[in-house]
Amino acid sequence: WKGIPVFDMGSKMSIDDFGWGSENFHKMGREKAILIDTILAFGFELLMCDVDAIWLRNPLPYLARFPEADILTSTDQLVPTVVDDRLEIWKEVGADYNIGMFLWRPSSSSKKLAKEWKEMLEANETIWDQYGFNVLVRQQLGPSVDGESGLVYAYDGNLKLGFLPASIFCSGHTYFIQAMYQQLRLEPYAVHTTFQFSGTEGKRHRLREATVFYDPPSYFDVPGGFLTFKLSIPKSLLLDGKHSIESHFALINYQIKQIRTALAIALLLNRTLVMPPIWCRIDSGWLMNPQDWTGNVMRQPYVCPLDYVFQVNVMLMELQEDEYGQPIRIREHSFFENPLMPQKVKESRLVVSLCQEGSEDCQVSNATSQTGVLKVPKNSSEETYKTVFSSFKDVKVV
């Protein structure tokens, strides 16, 4: 209709958001295998990714370095087996082969694999497509194709398989948590928003935190403006002591209390809260203590994604206001660093300093100091906040 060449799969898939393991989720997996089987028959190479993976730069020159490969796939590997941009060392890849990003070339073995994979999923509608792919490919793994390329014979003994390095074809953990590409001084090609806790909203928020998600201008200039603040964290909580669950939660809870207060003030002033970067001591859920992995590149402590601490999908729900009260409106901690942020919003700013009531120059006032800072007594009442900030409604950022 718009002059764009497309291939109509005819799958009649639901466009609703559906969860992992649901009936629609498994149907999507079958359609993926059907599509691969169909396209390979035309003799095309096929670079495929899930919709929750994004390309940060053109991967085709990298993929062309391995012309012998039948399949190049990403993995859930969390520990790098190489420290440069070579393929992962296949003998050391213990994690699942993740089919959120992979390249297929139309060889006799890849076509045979696609057909068998499709038939497996059609015969049993409860099989996860990635699980089925892993089972088939691992039927016969080894030996290496040669000593240089990093490819390995797999599946039927003829399929040439390679594993894309997790440092530059990133999972949600190697990109957002470990920042493996930064530690190894590499430039990533893609990120797949796996290893997170808040569904679609959480994935979108992760991409926003990394400033790689496109939002329209209205996202950056909202009625009421924004409230931002800097967390105050004692050195003893952030840096001292052992990395334990107890020290982790002591640090997290200290920050949550300040965020709770900031959310209350944002609601009071009808402003959208720009969340602060939140510090964590240990990993969340997937691997409780990263120090236990051999070869990890993770720093301690580290700035963790918002979904490690809050249920982002719940925070961003469109709830009934009469039942749940005024909606919470938030933005990601990197909001003002986004290149799409209008200069007029960044420049319309009021700096506020909390002071001890009774001390010099600490009194309820709408006037800023000579340095342009508004001083507000700590523990002020709601009425005081409303009165003081009513003079600054046109200021975009407090």
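Coordinates for the structure precede this section.
Anyway, here's the lowdown on the structure attached to this text.

1. A word on the side chain of Ser334
Its location among the elements puts Ser334 in the loop between β13 (330–331) and α12 (343–347). According to the relative accessible area criterion, Ser334 is buried, its value standing at 1%. Of the polar contacts made by the side chain of Ser334, one reaches the backbone oxygen of Glu209; its length is 2.7 Å.

2. Some thoughts on the state of the cysteines
As enumerated under the stated definition, the model contains 2 disulfides in all. A disulfide bridge connects Cys355 with Cys362, and the sulfur atoms are separated by 1.9 Å. Between Cys355 and Cys362, the S-S dihedral sits near 85°, and the bridge is therefore right-handed. Regarding the disulfides, the chain carries the connectivity 1-2, 3-4 under sequence-order numbering of its bonded cysteines.

3. Some thoughts on unusual backbone geometry
Negative phi values dominate among residues other than glycine, just as trans dominates among peptide bonds. Note the cis peptide between Gly142 and Pro143, where omega equals 5°. Note on placement: Pro143 falls in the loop between α4 (129–137) and β5 (152–154). One non-glycine residue, Phe195, adopts positive backbone phi at about 55°. Its location among the elements puts Phe195 in the loop between β8 (190–192) and α7 (199–209).

4. What about the sheet that holds β13?
The 3 strands are arranged β9-β10-β13 in an open sheet whose pairing can be described as parallel. Strand pairing shows two members of the sheet lacking a second neighbour, β9 (226–228) and β13, which therefore form its edges. Relative to β13, strand β10 (residues 272–274) runs parallel, the two sharing 2 bridges. Across the sheet, residue Leu273 finds its bridge partner in β13, namely Ile330. Contacts from helix α9 (residues 245–268) reach β9, β10 and β13, with the element oriented near 150° to β10.

5. Some points on the pattern of salt bridges
This structure, assessed with the given rule, holds 18 salt bridges. The residue Glu68 makes a salt bridge to Lys160 at a minimum N-O spacing of 3.4 Å. Placement of Glu68 in the loop between α2 (60–63) and β3 (71–75) and of Lys160 in strand β6 (residues 159–163) is noted, with a sequence separation of 92 residues between them. By relative accessible area, Glu68 is classed as partly exposed at 48%. Note that Asp221 and Lys344 form a salt bridge whose closest N and O atoms lie 3.6 Å from each other. Of this pair, Asp221 sits in the loop between α7 and β9 while Lys344 sits in helix α12, placing them 123 residues apart in sequence.

6. Focus on the packing of helix α3 (residues 108–123) against α4
Helix-helix packing is described using two parameters, namely the angle between the two axes and the distance between the axes. Taken N-terminus to C-terminus, the directions of α3 and α4 make an angle of 135°; their axes are 10 Å apart at the nearest point. As far as their axial angle goes, α4 and α3 are oblique. In this structure, the crossing between α3 and α4 has a hand that is right-handed. Residues Leu113, Glu116, Trp117, Met120 and Leu121 of α3 form the contact with α4, whose participating residues are Asp129, Gly132, Phe133, Leu136 and Val137.

7. Describing α9
Counted at 1.5 Å a residue, the expected span for α9 with its 24 residues is 34 Å, and the 34 Å between its end C-alpha atoms agrees. The elements touched by buried residues of α9 are β9, α8 (235–238), β10, β11 (278–280), β13 and α13 (382–389). Positive backbone phi, at 60°, marks Asn270, one or two positions downstream of α9.

8. Regarding the environment of Arg206
Secondary-structure assignment places Arg206 in helix α7. Judged by its relative accessible area of 1%, Arg206 falls in the buried class. Through-space distance from the C-alpha of Arg206 to that of Gln196 is 8.7 Å; in sequence the pair is 10 residues apart. In contact with Arg206, not counting residues within four places along its chain, are Gly172, Phe176, Ile177, Thr194, Phe195, Gln196, Pro305, Asp307 and Tyr308. A polar contact is formed between the side chain of Arg206 and the side chain of Asp307, at a distance of 2.7 Å.

9. A look at the sheet that holds β5
Strand order across the open sheet formed by 5 strands is β1-β4-β3-β6-β5, with mixed pairing between neighbours. Strand pairing shows two members of the sheet lacking a second neighbour, β1 (46–49) and β5, which therefore form its edges. Taking the axes of each pair of neighbouring strands and ignoring which way they run, one obtains an average angle of 35° across the sheet. In this sheet, strand β4 (residues 97–104) lies alongside β1 in antiparallel orientation, the contact comprising 4 bridges. Looking across to β4, one finds that Leu47 is bridged to Leu103. Across the sheet, α3 lies against β3, β4 and β6, angled at about 135° from β4, the strand it touches most. Along the sheet face, α4 touches β3, β4, β5 and β6 and points at about 70° away from the line of β4.

Procedures and definitions
- Residues numbered from 1 in each chain as written.
- Predicted model: local features only at pLDDT ≥ 70, side-chain atom pairs only at ≥ 80, totals over all residues.
- Heavy atoms only, no water.
- Helix = DSSP H or I, 4+ residues; strand = E, 2+ residues; numbered from the N terminus.
- Buried < 20%, exposed > 50% of the residue type's maximum accessible area, 1.4 Å probe, protein only.
- Polar contact = N/O pair within 3.5 Å; in protein donor to acceptor, adjacent residues only side chain to side chain.
- Disulfide = S-S within 2.5 Å.
- Pairing = 2+ DSSP bridges.
- Contact = heavy atoms within 4.5 Å.
- Axes fitted to C-alpha atoms, helices over the stretch in contact; angles between N-to-C directions.
- Salt bridge = Lys/Arg side-chain N within 4 Å of Asp/Glu carboxyl O.
- Parallel < 35°, antiparallel > 145°, perpendicular 65-115°, else oblique.
- Left-handed = near helix turned anticlockwise from the far one by under 90°.
- Expected span 1.5 Å × (residues − 1).

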